[in-house]
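So the chains spell out like this:
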Amino acid sequence: LLTVTGVQTCALPICHPGPAPWAATLAFLDPPYGSGFATEALAALAAQEWLAPGAVAVVEMAADETWLPPPGFTPLDERRYGKAKLTFLQLVLGLA
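Scoring rules and cut-offs
- Residues numbered from 1 in each chain as written.
- Predicted model: local features only at pLDDT ≥ 70, side-chain atom pairs only at ≥ 80, totals over all residues.
- Heavy atoms only, no water.
- Helix = DSSP H or I, 4+ residues; strand = E, 2+ residues; numbered from the N terminus.
- Buried < 20%, exposed > 50% of the residue type's maximum accessible area, 1.4 Å probe, protein only.
- Phe/Tyr/Trp six-rings, centres within 6.5 Å; stacked < 30°, edge-to-face > 60°.
- Lys NZ or Arg CZ within 6 Å of the ring centre and 35° of its normal.

Participant: Looking at this model, I keep getting lost on unusual backbone geometry. Mind explaining?
Facilitator: The bulk of non-glycine residues show a negative phi, and the bulk of peptide bonds are trans. For Glu 49, which is not glycine, the phi torsion reads 60° and is therefore positive. Position of Glu 49 among the secondary structure elements: in the loop between α1 (37–47) and β3 (51–62).

So, in structure tokens, the structure goes:
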């Protein structure tokens, strides 16, 4: 289980992680609403093998926010809860 919350700037390590000691099968990302950091963070985590093939990532964002996941991630579901939206994605083997 990998939890990523409160990302304030993509100068932080989450957007530039080093090699992973192990690969997570489930990741939660909660960047500041409207920051656009989720795409870069997911791409970086996948590139450094922090996410296992087939891993599920859950990204929280503002309900009215639009975004495109990075290549290699397939949308599974989207749910809205008041002002928040949760997007469920899966890392597709060999595409990230």
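Participant: Looking at this structure, I do not really get α1. What am I missing?
Facilitator: Residue pairs spaced three or four apart in an α-helix point in one direction, given the helix's 3.6 residues per turn. Looking at α1, one finds that the buried residues are Phe 37, Ala 38, Ala 41, Leu 42, Ala 44, Leu 45 and Ala 46. Glu 49, located one to two residues past α1, shows a positive phi value of around 60°.

Participant: I would appreciate a short explanation of the packing of aromatic side chains in the present structure.
Facilitator: How two aromatic rings sit relative to each other is given by the distance of their centres and the angle of their planes. The final tally for this structure, using the stated rule, is 1 aromatic pair. Centroid distance Trp 22 to Trp 50: 6.4 Å. Interplanar angle 70°. Geometry classified as edge-to-face. Taken together, the residues span a long stretch of sequence, with Trp 22 in the loop between β1 (2–5) and β2 (24–30) and Trp 50 in the loop between α1 and β3 at a distance of 28 residues. For the cation-ring pair, Arg 79 lies above Phe 88, with the distance from its terminal atom to the ring centre recorded as 5.8 Å.

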